[in-house]
Amino acid sequence: MKEISIILLFVLLFICTVTDIKHRLVYNKVLLPFVITGMIFCYTESNYLYIGVSVFLFFFFFFISGLGAGDKKLLSIIPLFLQDSTNIFFFILAIIYLAVYEYQKKKDIQSIAFVPYIFLSFLITIFYIWKW
């Protein structure tokens, strides 16, 4: 079941990366089926905590500026699929975010597609999980 959720999250992040690069948007119609699927995975595995974490992150991220609404929604969905590896993912993402933020500030760039960096964080996390 864990492998299926990882594959589904890979598909979600790949789709969102392509649309974010092309249109600078993360569509709700893409996110909604994955939210429902992620909640079903958590329910079937009795990991209700991650549903709560996901809902908490959904509301928490709306108080953080600098990210688009689609990025925030996407970030709140990820714990439904990664579950136990969520804290590793967010640690790697924080490091990448700081690097991107410093680059953006240095080059005076107004807007940047952030989903590719989320996808990169996911790939590093998966590599780290399967390596151990």
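Source: prediction; values computed, not measured. (Residues numbered from 1 in each chain as written. Predicted model: local features only at pLDDT ≥ 70, side-chain atom pairs only at ≥ 80, totals over all residues. Heavy atoms only, no water.)

## Digging into the nonpolar core
Right, on to step 1. Ranked by internal contacts, the top residues of the largest apolar core, which has 30 residues, are Leu12, Ile118 and Phe122.
Right, on to step 2. Going through the elements one at a time, helix H1 (2–23), helix H2 (28–44), helix H3 (48–60), helix H4 (69–82), helix H5 (86–107) and helix H6 (115–131) are the ones with two or more residues in this core.
Right, on to step 3. Broken down by element, this core gets its largest block of residues, seven residues, from H4.
Right, on to step 4. Among all residues touching Phe122, those that are not within four sequence positions of it are Ile6, Leu9, Phe10, Leu13, Leu82 and Phe89. (Core = buried A, V, L, I, M, F, W, Y, C linked by side-chain atoms within 4.5 Å. Buried < 20%, exposed > 50% of the residue type's maximum accessible area, 1.4 Å probe, protein only. Helix = DSSP H or I, 4+ residues; strand = E, 2+ residues; numbered from the N terminus. Contact = heavy atoms within 4.5 Å.)

## Considerations on the environment of Ser85
Right, on to step 1. Tracing the backbone through its elements, the reader meets Ser85 in the loop between H4 and H5.
Right, on to step 2. Since its relative accessible area comes to 8%, Ser85 is described here as buried.
Right, on to step 3. Taking the C-alpha atoms as reference points, Ser85 and Ala113, 28 residues apart in sequence, are found 24 Å from one another.
Right, on to step 4. Setting aside residues no more than four positions away along its own chain, Ser85 makes contact with Thr125 and Ile129.

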